[in-house]
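Secondary and tertiary structure notes
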Amino acid sequence: MTKPKSMDDIIALLKRRGFIYQGSEIYGGAAGLYDFGPYGVELLNNLKQNWWKANVQARPDYVGLDSAMFKNPKVWKASGHVDGFADPLVECKNCNTRLRVDKELEKLGIFADEKMSEEEIKKLWDENKDKVKCPGCKKPEWSEPKKFNLLVKSNLGDFTEKNEEPVYLPGEACQGIYLNFKNVVDTCRVKIPFGIAQIGKAFRNEISPRNFLFRCREFEQADTQYFVKPHDNVENYQRIKQEQWGWLLSLGLKEENLKWHQHENLVFYAKDAWDIEYNYPSYGFDELMGIHDRSDYDLSQHMKFSGTDLNYFDQTANEKYIPWILETSMGLGRLFLAVISDAYNVETLNNGSERTVLKLNPELAPVKYAVFPLLKNKPELVEKAKEVFNKLSQKYVCEFDDNGNIGKRYRRQDEIGTPKCIVIDFDTLEDGTVAVRDRDTTEQIRVKIEEL
Ligand code: GAP
């Protein structure tokens, strides 16, 4: 028997078992910032490696990149983020709750276009604000809607000293790819169509960070940007969408927890935009990955602002053009949450006891093998167990645990999703076999040490 999943329970497990900590916790925390603990970082790294393998190394037409986070401030002007990357906001004067106007209107079936001016949004809001409930109080008194830019300002050496524009942290990771398009074409043997992939941090001054890792102020994005000949977007876009869907399934996510959503109101850079949504426990279906047809917007903008010719010369067709870009962009924190939520189960066992288990794809599990001596106070068992640990840990992430009774040790490993527990007992000393217990079935088999 399994219990329905609740995000509060999942968050409690992630904190209790060292996956995720609140950022700056000893100072009272910092909204929208989280730290990955020892098990969290292992799982995160496994997700990144799996993504990199599938989207870069296993693809003849993709190459990887790791660009600097700080960029010339003009980049964010050219990208459109300085002027256009803003959420319209209202504040309840009664209880200080802040809400995003577009999200509230969307709940009423009204779509506010990203390109709308503050005046147009105000008109829409005024017509509908009486239907909007305030989550903080019963009698909201709304302020005028105001657009709030999401870019995070910083300062850096020369740029700040010369008192030019502020320097910004990346609002989206992909800009580094556009800045290096020419470098990659000039130095690598790539021909259009081809893709550049990158994992990079993004920072956004989200008004109301919420839902744990779902909406943070600092997060990591795994992006691919596929450069195609103008108008060669339709088939490639379809292929990319299907590939990303397939990759999510290959991680072990259940298909019934995924769905497509096409955007009605498009973000300023996109010509067409689809999300793959995940059915997060307690929150419901919401965005996991964005797939965007960005046309020639980005390279045209950077060519205009930088003065560098970003045209591509297509030798086969003997023509010059600005390539169009098809983007996939996924928040790794959201993927982390989806993978954990999918794997999370609370089961009642035959003996009536309950166990929490993460049935993670073994490739993603933070620890692959846990090695236990049956008894802590028998040096010959401990020594043998250490031998087994030393052997396996050359190749796999392993954990040695001699603390508490075996049942408790199994529960601890189930909660972090360790696929196999290996017990060194008195039979091991006799015949050189160990008990290998499977996480999902809880069944045990005996295996010779050299066959592990
Ligand atoms: N380069 C395109 C881009 O940044 P986006 O839809 O704004 O598009 C892409 O973001 C992905 O980044 C989203 O699908 C989501 O997974 C993740 N993401 C966006 N904002 C986030 C936030 N505040 N916290 C965590 N993840 C976020």
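About the cut-offs
- Residues numbered from 1 in each chain as written.
- Predicted model: local features only at pLDDT ≥ 70, side-chain atom pairs only at ≥ 80, totals over all residues.
- Heavy atoms only, no water.
- Near = heavy atom within 4 Å.
- Polar contact = N/O pair within 3.5 Å; in protein donor to acceptor, adjacent residues only side chain to side chain.
- Areas by Shrake-Rupley, 256 points an atom, 1.4 Å probe, with all protein chains shown as cover.
- Nonpolar A, V, L, I, M, F, W, Y, C, P; charged D, E, K, R; others polar.
- Buried < 20%, exposed > 50% of the residue type's maximum accessible area, 1.4 Å probe, protein only.
- Helix = DSSP H or I, 4+ residues; strand = E, 2+ residues; numbered from the N terminus.
- Pairing = 2+ DSSP bridges.
- Right-handed = clockwise from strand over helix to strand, strands pointing away.
- Phe/Tyr/Trp six-rings, centres within 6.5 Å; stacked < 30°, edge-to-face > 60°.
- Lys NZ or Arg CZ within 6 Å of the ring centre and 35° of its normal.

1. A short note on the site of the ligand
The local shell around the ligand holds 22 residues, among which Glu172, Glu287, Leu288, Glu327 and Gly331 are the closest. The contact in question runs from an oxygen atom of the ligand to an N or O atom on the backbone of Gly331, over 2.8 Å. With the chains in place, 93% of the 560 Å² that the ligand exposes on its own is no longer accessible. The residue inventory of the shell around the ligand, partitioned by class, reads nine nonpolar, five polar and eight charged.

2. What about the pairing of strand 19 (residues 369–373)?
Of all five residues that make up strand 19, four are buried, and the element is covered over most of its length. Where strand 19 and strand 20 (residues 398–400) come together, three bridges link them in parallel fashion. Bridge assignment links Ala370 to a residue of strand 20, and that residue is Glu399. Remark: the strand 19/helix 13 (residues 379–392)/strand 20 crossover connection has right-handed handedness. Across five bridges, the pairing between strand 19 and strand 21 (residues 420–424) is parallel. Looking at the pairing, Tyr369 lines up with Lys420 of strand 21.

3. Some details on the packing of aromatic side chains
All chains considered together, the criterion is met by 19 aromatic pairs. With a centroid separation of 5.0 Å and 70 degrees between ring planes, the pair formed by Tyr34 and Phe212 is classed as edge-to-face. Of this pair, Tyr34 sits in strand 2 (residues 34–36) while Phe212 sits in the loop between strand 9 (194–203) and strand 10 (218–228), placing them 178 residues apart in sequence. Consider the rings of Trp125 and Trp142, whose centres lie 5.7 Å apart with planes at 80 degrees: the pair is edge-to-face. With Trp125 in helix 6 (residues 118–128) and Trp142 in the loop between helix 6 and strand 6 (146–149), the pair connects residues that are 17 residues apart, well separated along the chain. The class for Trp125 is buried, based on a relative accessible area of 0%. Of the aromatic side chains, those joined through ring pairs into one cluster are Phe181, Phe194 and Phe227. For the cation-ring pair, Arg239 lies above Tyr226, with the distance from its terminal atom to the ring centre recorded as 4.7 Å.

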